[in-house]
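This is what each chain is made of:
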Amino acid sequence: MSGSSYDKTIQFRAGAEKEAAELLDEIHIGGVNVSELARTGLIEMLRRSLDEQDEIAVYERYSRDEIDEDVARVLLGEKIDQMEAEKNAFESAMERDTSTFLADSDGE
């Protein structure tokens, strides 16, 4: 994103969270991948912060190729597939000939 205040590295003051991660890394057999924990946690929190309108906006921007699929999947996860299926079903329904769904032959 041009003009974004985010750098390639997102930084924040971790404090006790950093100490907890370091402790877990020390006591867990084989250590822990703190970077992976941070990525997973960030993805989870990003998804939690979206409301339905946000999800629709993200999907619309993805559909118009304004954002990359990887970015859309970070925010929407598997919902992107569900939204695509719903969009396709809606478009298919709009193309159907509805004249056969009208009143019975006796005019009711």
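Structure first, text after, so check above.
Just so it is clear, the structure is predicted and the values come from calculations on it, not from any experiment.

### Let's talk about the packing of aromatic side chains
And step 1. Taken as a whole and assessed by the stated rule, the structure comprises one aromatic pair.
And step 2. Ring geometry for Tyr59 and Tyr62: centres 6.0 Å apart, planes at 55 degrees, overall tilted. Taken together, the residues Tyr59 and Tyr62, both in helix α3 (residues 52-63) and three residues apart, mark about one turn of the helix. Considered together, Tyr59 and Tyr62 belong to a single accessibility category, that of buried residues.

### Focus: helix α2 (residues 34-49)
And step 1. Over its 16 residues, α2 runs 22 Å from end to end, which matches the ideal 22 Å to within 8%, given 1.5 Å per residue.
And step 2. You can read the cap of α2 off the contacts: a side-chain oxygen lies 3.2 Å from the backbone nitrogen of Ser35, and it is on Asn33.

### Considerations on a nonpolar patch on the surface
And step 1. On the surface, Leu23, Leu24, Ile27 and Leu37 cluster together into a nonpolar patch covering about 380 Å² of accessible area.
And step 2. Considering each element in turn, the nonpolar patch owes the most residues, three residues, to helix α1 (residues 16-27).
And step 3. Its location among the elements puts Leu37 in helix α2.

### Here we look at unusual backbone geometry
And step 1. One non-glycine residue, Asp65, lies in the positive phi region at around 60 degrees.
And step 2. In this structure Asp65 comes out as exposed when scored by relative accessible area, which is 69%.

### Re the packing of α2 against helix α4 (residues 69-76)
And step 1. The geometry of α2 relative to α4 is characterised by a closest axis approach of 7 Å and an angle of 75 degrees between their N-to-C directions. Of the possible angle classes, the one that applies to α2 and α4 is roughly perpendicular. Of α4, the residues touching α2 (which contributes Ile43, Leu46 and Arg47) are Arg73, Val74, Leu75 and Leu76.
And step 2. Among the residues making up the contact of α2 with α4, the classes are represented as five nonpolar, no polar and two charged.

Cut-offs applied
Residues numbered from 1 in each chain as written. Predicted model: local features only at pLDDT ≥ 70, side-chain atom pairs only at ≥ 80, totals over all residues. Heavy atoms only, no water. Phe/Tyr/Trp six-rings, centres within 6.5 Å; stacked < 30°, edge-to-face > 60°. Helix = DSSP H or I, 4+ residues; strand = E, 2+ residues; numbered from the N terminus. Buried < 20%, exposed > 50% of the residue type's maximum accessible area, 1.4 Å probe, protein only. Expected span 1.5 Å × (residues − 1). Polar contact = N/O pair within 3.5 Å; in protein donor to acceptor, adjacent residues only side chain to side chain. Patch = residues over 30% accessible without salt bridge, like charges linked within 9 Å, V, L, I, M, F, W, Y side chains within 5 Å. Areas by Shrake-Rupley, 256 points an atom, 1.4 Å probe, with all protein chains shown as cover. Salt bridge = Lys/Arg side-chain N within 4 Å of Asp/Glu carboxyl O. Axes fitted to C-alpha atoms, helices over the stretch in contact; angles between N-to-C directions. Parallel < 35°, antiparallel > 145°, perpendicular 65-115°, else oblique. Contact = heavy atoms within 4.5 Å. Nonpolar A, V, L, I, M, F, W, Y, C, P; charged D, E, K, R; others polar.

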